[in-house]
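Below, each chain spelled out in residue letters.
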Amino acid sequence: MNRKIIHIDMDAFYASVEIRDNPELLGKPVIIGALPGTRGVVSTCNYEARKYGVHSAMSVSEAYRLCPKGIFLNTHMSKYVKESEKIHKIMESYTDMIEYVSLDEGYMDVTASEKFFGSAEEIGKDLKKRVFEETGLTCSVGIGYSMTSAKTASEEKKPDGFFVIPNREAFVELIHDRPIRALYGVGEKTAKQLANRGYEVVSDLYELNPSDLDFLGKIGKEIYLHAQGYCNREVTPNEEQKSVGREYTFQSDLTTREEIEEIIHFISRQVSNILKNKGIKGKTVTIKIKYSNMKSITRSRTISYTDSARTIYDTGIKLLGFVELNHPVRLVGVTVSNMEGEQGEKQLSFEDFVSEDTEINDKIDDVIFDINKTMGRGSIKTGKEMLFEKNFRNKN
Ligand SMILES: [Mg+2]
């Protein structure tokens, strides 16, 4: 069957969100990730910054060297997640056959949607328009007969692009004289290996037998097929979330148990918020500690299903009790895994309020959580949290 695949990719996503919210940044090179003088890496930069050679995954210090006039910003993940949710909702209005690659990128198989929403092209145009109307952000949309061709199509006219590769012939026509690096699955290292044997452009692979690329291992056959426009990857809706966790690396090492406890407290609340937003619970709590000598350890404990910040925190602190703190600590992480499926709403009874301490604290957490959700994050805090945030800011 002839499949219709859409690949959508937001343009310079994090940077575009920041510019939308602060129009003064418009036209300037904007680099998101971390501030100069820190250990961070670039997560996104806009097209102005790319002109200086800045790209994602580059260290911030390298980016600063290339573009000292750039505007460097820390990431504001909660903002990006909020936009991402809006975009995902629009995508989900056409099909449930969606494979999300990241917050701002995903594949949709709209083969079966065409009879409800018009042709794949019409869906793609509508999608682009609605994303812009609802978020003020541009995206690039590619339509193909396979995942690989859809991805190639969305890159074709980036940013704010729209491009269609209707069939295998059109794909081959488009890419046959491009460097092999343009093929899906070919990274720098593979491209080098191929160049060493004299294969530079895609059409160089046409005279080969599939086994001629065996020296690349399993991927050789795949590259051979991709070069000819064959791709049998299928849009696979993402599995249910297996874990929720956060970890932080610190510029100055943590040396006391109290500091680490405060960070576990902070992360526990974050993880709890994510779990509650997604309506999921998990029963295994894991903490991760990485020392300044780069050695890292994890400790886990399985309890009953929870999404409570306090329970996650209490478990994390117990686990920390099993960790030797004989070296300065550079990274702290907390994860909840072993997720439970959809939970039925639990009715509150009077007993719930008079049961043991942790239950009551769960209820307080829930109330604080709900207030924050309606009034905006940080509207209400526990005293401990306020103290911690003050210290956390000084430290990080
Ligand atoms: Mg993107």
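Residues numbered from 1 in each chain as written. Predicted model: local features only at pLDDT ≥ 70, side-chain atom pairs only at ≥ 80, totals over all residues. Heavy atoms only, no water.

S.K.: I tried to follow the sheet that holds strand β4 (residues 71–74) on my own but got confused; where do I start?
M.R.: Strands belonging to one sheet form pairs held by backbone hydrogen bonds; the direction of such a pair is parallel or antiparallel. Spatially, the 3 strands line up as an open sheet ordered β3-β2-β4, and their pairing is mixed. Only two strands of the sheet have a single partner each, and these edge strands are β3 (44–45) and β4. Two elements, strand β2 (residues 30–33) and β4, share 4 bridges in a ladder whose sense is parallel. Opposite Val 30, over in β4, you have Ile 71 as the bridge partner. (Pairing = 2+ DSSP bridges. Helix = DSSP H or I, 4+ residues; strand = E, 2+ residues; numbered from the N terminus.)

S.K.: Quick question: what am I supposed to make of the pairing of β2 here?
M.R.: The side chains of a regular strand alternate between both faces of the sheet. Side chains Val 30 and Ile 32 project from β2 onto one buried face, and the interleaved Ile 31 and Gly 33 project onto a second face that is buried too. Here β2 runs beside β3; their pairing, made up of 2 bridges, is antiparallel. The partner of Ile 31 across the bridge, within β3, is Cys 45. (Buried < 20%, exposed > 50% of the residue type's maximum accessible area, 1.4 Å probe, protein only.)

S.K.: Would you explain the environment of Tyr 80 in this entry?
M.R.: Along the polypeptide, Tyr 80 turns up in helix α4 (residues 77–92). As a C-alpha pair, Tyr 80 and Leu 103 span 23 residues in sequence and 7.7 Å in three-dimensional space. Discounting chain neighbours no more than four positions away, the residues touching Tyr 80 are Phe 13, Tyr 14, Val 17, Glu 18, Ile 32, Asn 74, Thr 75 and Leu 103. (Contact = heavy atoms within 4.5 Å.)

S.K.: Would you mind going over unusual backbone geometry with me for this structure?
M.R.: Trans peptide bonds make up the majority, and among non-glycine residues the majority have a negative phi. That bond from Lys 158 to Pro 159 is cis: its omega, -5°, falls within 30 degrees of zero. Note that Pro 159 resides in the loop between α7 (147–156) and β8 (162–164). Phi at Ala 12 is positive, roughly 40°, even though this residue is not glycine. Positive phi values are uncommon outside glycine, yet Asp 160 reaches one of about 55°. With respect to the element layout, Asp 160 can be found in the loop between α7 and β8. With relative accessibility at 46%, the residue Asp 160 sits in the partly exposed group.

S.K.: Would you mind showing me how to read the pattern of salt bridges here?
M.R.: A side chain with one charge may pair with a side chain of the opposite charge, provided their charged atoms come close. The full count for this structure, using the stated rule, is 17 salt bridges. For Arg 20, the salt bridge goes to Glu 83, with nearest N and O atoms at 3.1 Å. Pair noted here: Arg 20 is in helix α1 (residues 13–21) and Glu 83 is in helix α4, with a separation of 63 residues, a long-range link. Overall, the relative accessible area of 4% leaves Glu 83 in the buried class. Taking the shortest distance from any N to any O, the salt bridge between Glu 156 and Arg 178 comes out at 2.8 Å. (Salt bridge = Lys/Arg side-chain N within 4 Å of Asp/Glu carboxyl O.)

S.K.: Could you clarify how one ought to interpret the coordination of the magnesium ion in this entry?
M.R.: Put simply, a metal with four donors set out as a tetrahedron has ideal angles of 109.5 degrees, and one with six donors set out as an octahedron has ideal angles of 90 or 180 degrees. Protein-derived coordination of the magnesium ion comes from Asp 9 (OD), Met 10 (O) and Asp 104 (OD), at a distance range of 2.2 to 2.5 Å. Each donor residue of the magnesium ion belongs to the same chain, and together they define the spacing D-M-x93-D. Note that Asp 9 is positioned in strand β1 (residues 5–10) and Asp 104 in the loop between β5 (98–102) and β6 (105–109), a separation of 95 residues in sequence. Exposure class is identical for Asp 9 and Asp 104. Each is buried. (Donors = N, O, S within 2.8 Å, 3.2 Å for Na, K, Ca; no water.)

S.K.: Sorry, what's going on with the packing of α7 against helix α8 (residues 168–175) here?
M.R.: The description of two helices packed together rests on the angle between their axes and the distance between the axes. At a minimum axis separation of 11 Å, α7 and α8 run at an interaxial angle of 50°. Regarding the angle of α7 to α8, the classification is oblique. The hand of the α7/α8 crossing is left-handed. Across the interface between the two elements, Thr 148, Ser 149, Thr 152 and Glu 156 from α7 touch Phe 171, Leu 174 and Ile 175 from α8. For the contact of α7 with α8, a count of residues per class yields 3 nonpolar, 3 polar and 1 charged. (Axes fitted to C-alpha atoms, helices over the stretch in contact; angles between N-to-C directions. Parallel < 35°, antiparallel > 145°, perpendicular 65-115°, else oblique. Left-handed = near helix turned anticlockwise from the far one by under 90°. Nonpolar A, V, L, I, M, F, W, Y, C, P; charged D, E, K, R; others polar.)

S.K.: Which parts of the structure should I look at to understand the packing of aromatic side chains?
M.R.: Remark: the centre distance and the inter-plane angle together describe each pair of aromatic rings, the angle taken between the planes. Inspection of the entire model under this criterion finds 8 aromatic pairs. Judged by centre distance (5.6 Å) and plane angle (80°), the ring pair of Tyr 94 and Phe 117 falls under edge-to-face. Of the two residues, Tyr 94 is situated in the loop between α4 and β5 and Phe 117 in helix α5 (residues 114–117); the sequence distance between them amounts to 23 residues. Taken together, the aromatic side chains of Phe 13, Tyr 14 and Tyr 80 make up a single cluster linked through ring pairs. Note that Arg 50 overlies the ring of Tyr 47, its terminal NZ or CZ placed 4.3 Å from the centroid. Against the face of Phe 215 rests Arg 197, its NZ or CZ located 3.7 Å from the ring centre. (Phe/Tyr/Trp six-rings, centres within 6.5 Å; stacked < 30°, edge-to-face > 60°. Lys NZ or Arg CZ within 6 Å of the ring centre and 35° of its normal.)

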